[in-house]
Amino acid sequence: MLFNKEAKVATEKGITGLETAIILIAFVVVASVFAFTVLSTGIFASERSKETVFSGLEEAKSSIEPRGSVIAYKANNAGTNTIYKVSWVVSNAVAGEPVDLTPPYLEGEDATDPDIDSGAEYKTVISYTDINQHLADVPWTVSWVGNNNGDSLLEAGEKAEITAWLLERDTTVAVTDANAAGYWVADANGGHGILSSGTLIGTNDQFTLEMAPESGAVLTIQRTAPSRLDTIMDLK
């Protein structure tokens, strides 16, 4: 007895173990690269945040702060009474890093004050601004108040009196003499106060002094001249 059977062909599709391994390895590699990228980004961001925090702390630790009043001094300039210098006392804020107060000028070296210290490598700069002019590098001197260790660094527990000189002062004559205060001529280091082409400080004039150390915050002093100029004035 003969049977006629149709042959049925079944098509089977699948993947081998090798292909599976390759796919899994690819997934692992991609995931590893992604994880490494995320980790590296996180570490970089963390480092940048740490640097920002430390930079902020360094700025705060290197700051200076005023102590007491701002004192202005009057002198005659060719018949006009004006402020020729301004003084204030500073200390090291929050017992922080020392601030270099090497002065570019000295006081009392000869008849005219101040005198340029040509060998000084000063890092703190004082600027002056009023409604008529801006002086980027005003001559200044320093004298130490109370205990100090004799160097030019303002350290914790020390105080320094800073004097910004807007005009030159002839110490051989009285402040009322017509030649008591004179205009500046730019010195070798480029610093100068009010030039002959500038404007003197008069009564009720507002002005700003900015003291910028090498690092740390800038100390800004904004004051207004009184309605009457006395020999010594406390600009509260």
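Residues numbered from 1 in each chain as written. Predicted model: local features only at pLDDT ≥ 70, side-chain atom pairs only at ≥ 80, totals over all residues. Heavy atoms only, no water.

**Q** Please clarify how the packing of aromatic side chains should be interpreted in this entry.
**A** Two aromatic rings are characterised by how far apart their centres lie and by the angle between their planes. Going through the model one piece at a time under the given rule, you end up with three aromatic pairs. For the ring pair Tyr84 and Trp165, a centre distance of 6.1 Å and an interplane angle of 55° mean the geometry is tilted. With Tyr84 in strand β2 (residues 80-92) and Trp165 in strand β11 (residues 159-165), this residue pair connects regions lying 81 residues apart in the sequence. Overall, Tyr84 belongs to the buried group, its relative accessible area being 6%. What makes Trp165 buried here is its relative accessible area of 1%. Here Lys85 stacks its cationic end above the ring of Tyr73, 4.5 Å away from the centre of that ring. (Phe/Tyr/Trp six-rings, centres within 6.5 Å; stacked < 30°, edge-to-face > 60°. Helix = DSSP H or I, 4+ residues; strand = E, 2+ residues; numbered from the N terminus. Buried < 20%, exposed > 50% of the residue type's maximum accessible area, 1.4 Å probe, protein only. Lys NZ or Arg CZ within 6 Å of the ring centre and 35° of its normal.)

**Q** Just checking my understanding: could you explain the pairing of strand β7 (residues 125-130) for this structure?
**A** Regular strands place their side chains on alternate faces of the sheet. As judged from the six bridges shared by β7 and strand β14 (residues 206-212), these two strands associate in the antiparallel manner. When the bridges of β14 are listed, Ser127 appears paired with Glu210. In this sheet, strand β8 (residues 134-135) lies alongside β7 in antiparallel orientation, the contact comprising two bridges. Paired with Thr129 across the two strands is His134, which belongs to β8. (Pairing = 2+ DSSP bridges.)

**Q** Sorry if this is basic, but what is going on with the nonpolar core here?
**A** Considering soluble globular proteins, one finds that nonpolar side chains tend to be buried as a cluster. Core analysis: the largest hydrophobic core is formed by 42 residues, its most contacted members being Ile83, Trp88, Val90, Leu101, Leu209 and Met211. Where this core is concerned, the elements lending two or more residues are β1 (64-77), β2, β7, β11, β14 and β15 (219-224). If near-sequence neighbours (up to four positions away) are discounted, Leu101 is found in contact with Val90, Thr124, Trp140, Val142, Trp144, Ser152, Leu154, Ala160, Ile162 and Met211. (Core = buried A, V, L, I, M, F, W, Y, C linked by side-chain atoms within 4.5 Å. Contact = heavy atoms within 4.5 Å.)

**Q** What is the right way to look at the sheet that holds β1 in this model?
**A** Adjacent strands of a sheet form backbone hydrogen bonds with each other and so pair up, either parallel or antiparallel. Taken in spatial order, the five strands make up an open sheet running β9-β11-β2-β1-β16, and their pairing is antiparallel. Edge positions in the sheet fall to β9 (140-145) and β16 (232-234), since each has one partner strand and no second. For this sheet, the mean angle separating the axes of adjacent strands, direction not counted, is 25°. As defined by bridge partners, β1 adjoins β16 across three bridges and the pair is classed as antiparallel. Across the sheet, residue Ile71 finds its bridge partner in β16, namely Asp234. (Axes fitted to C-alpha atoms, helices over the stretch in contact; angles between N-to-C directions.)

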